Amino acid sequence: MIIDSHIHLDDERYRDDLDDVLERAMQKGVERFIIPGADITTLERAVELSEKYDSIFFAVGIHPYDKEQYDEAALKRYIDHPKCIAVGECGLDYFRLEGSDEEKAAEKSAQKRVFAAQIELAKRFKKPLIVHIRDASHDAKMMLLEHGAGEVGGVLHCYNADEELLSLADQNFYFGIGGVLTFKNARKLVNVLPKIPQEKLIIETDGPYLTPHPHRGERNEPVYTTLVRDKMAELLELDNGFIEQLTTKNAQQLFNIS
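Predicted model, so just to flag it, every value in this text is computed and none were measured.

A. The arrangement of helix H7 (residues 225-236) in detail. Between its first and last C-alpha, H7 extends 16 Å over 12 residues, near the 16 Å set by a 1.5 Å rise per residue. Every buried residue of H7 is accounted for by Thr 225, Thr 226, Val 228, Arg 229, Met 232, Ala 233 and Leu 236. All buried residues of H7 project into a common sector of 160° when viewed along the axis, lining one side. On its buried face, H7 sits against strand S1 (2-4), strand S2 (30-35), strand S7 (173-177), strand S8 (201-203) and helix H8 (240-255).

B. Up close: the nonpolar core. Judged by nonpolar contacts, the single largest core of 65 residues is most densely connected at Leu 9, Leu 129, Leu 144, Leu 156, Tyr 159, Ile 177 and Met 232. Sorting elements by how many residues they give to this core places helix H4 (residues 101-125) first, with 5 residues. Look past the residues within four positions of Leu 9 in its chain and what remains in contact with it is Tyr 14, Leu 18, Leu 22, Phe 33, Ile 35, Leu 49, Ile 56 and Pro 222. The next biggest cluster of nonpolar side chains, apart from the first, holds 14 residues, and it includes Ile 3, Val 155, Ile 202 and Phe 255.

C. Region of the structure containing the packing of aromatic side chains. Throughout the structure, instances matching the rule amount to 1 aromatic pair. Each ring, one from Tyr 159 and one from Phe 175, has its centre 4.9 Å from the other, and the planes form 80°; the classification is edge-to-face. Taken together, the positions of Tyr 159 in the loop between strand S6 (154-157) and S7 and Phe 175 in strand S7 put the pair 16 residues apart, joining distant regions of the chain. By the burial criterion, Tyr 159 is buried, and Phe 175 matches it. Positioned above the aromatic ring of Phe 95, the side-chain terminus of Arg 134 is 3.5 Å from the ring centre. Cation over ring: Arg 216 sits above Phe 183, and NZ or CZ is 3.6 Å from the ring centre.

D. Structural view of the side chain of Gln 118. Structurally, the position occupied by Gln 118 is in helix H4. Side-chain polar atoms of Gln 118 contact the backbone nitrogen of Ile 62, separated by 2.8 Å. For Gln 118, the contacting residues outside a window of four places in its chain are Gly 61, Ile 62, Tyr 70, Leu 75, Val 87, Cys 90 and Leu 129.

E. A look at the environment of Phe 255. Mapped onto the fold, Phe 255 is located in helix H8. Placed 170 residues apart in sequence, Phe 255 and Ile 85 show a C-alpha to C-alpha distance of 5.8 Å. Apart from the residues lying within four places of it in its own chain, the contact partners of Phe 255 are Ser 5, Ile 34, Ile 85, Ala 86, Pro 128, Ile 130, Val 155 and Ile 202.

Definitions and limits used
Residues numbered from 1 in each chain as written. Predicted model: local features only at pLDDT ≥ 70, side-chain atom pairs only at ≥ 80, totals over all residues. Heavy atoms only, no water. Helix = DSSP H or I, 4+ residues; strand = E, 2+ residues; numbered from the N terminus. Expected span 1.5 Å × (residues − 1). Buried < 20%, exposed > 50% of the residue type's maximum accessible area, 1.4 Å probe, protein only. Arc of directions from axis to C-beta. Contact = heavy atoms within 4.5 Å. Core = buried A, V, L, I, M, F, W, Y, C linked by side-chain atoms within 4.5 Å. Phe/Tyr/Trp six-rings, centres within 6.5 Å; stacked < 30°, edge-to-face > 60°. Lys NZ or Arg CZ within 6 Å of the ring centre and 35° of its normal. Polar contact = N/O pair within 3.5 Å; in protein donor to acceptor, adjacent residues only side chain to side chain.

Have a look at this one:
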C-alpha cells in the first residue's frame, strides 16, 4: 500500500472526475489520501470527502499565502473530527516577498504569527504538523524549535532539500518527498535524499501541482506516487516494495492511521 500524504483533492480540478482519480490510484496500490488544510474556503469540501470515502483523511490549517484567512474558531470546529489527523499546511514562504524592506519585514512577521498560532493549536490538540517551508528554512526551523513543535512532530511537506532542516528528524519530523525528485533539475534533492533517515521518509504528490516526470504539464494525481516510489528506490538502491512498505509505515506512525 502507498499513502499519498499530501493531495489537494478538495481542489476544483478534481471535482468532475474524483471517483476515476481514486480508482486509478487504488488500482496501483495507492489506498490512503490526506488532504492538507490550506484554504479555509475549501475546508468543508475536505471534510465532506473524508466522510464520503473511508480512504480519505484531512488536516486543518492555513497556507502562509492565505494567512489573512486564519480563523482559529473555524479550524477548531473540525479539529476533533475523527478523520482530522493533522494541523497544516502551515509554515513560512518568503518566495514572493515584495516591496520595501519594511513591507517585507511586516509580511514575514505576519506569517510568523499565523505559523506560531498553528503550532500551538497542534500542541493543544495533540496533532502532528504539516509544514510548508519555502525560502525560509532558518526562520521556520527556529520557530519549530522555539515553540516546542517536537512535542507533536510532523512532516516537512515538499522537503526543499535544505540540509539545515535535516536535524529536525531528531524532533520527530518526517520529510515529504514528491514529484520534484523526478525532475531533471532536482540535483540538490537527489543528493540529499540518502542523508534523510529512512524511518523519516514519506511520499506525497501535492496534486494537482508538481506532477512528476514524464507527466509534467499535466494535472498531478495520487497514482503518480508510484513514480516517486520508483525514483526513490532507484536512488537509494532499494527494492520498490521495500520503499512502499517503509514510507507507508512511516506515514501511519506519523498520522496515526491504519
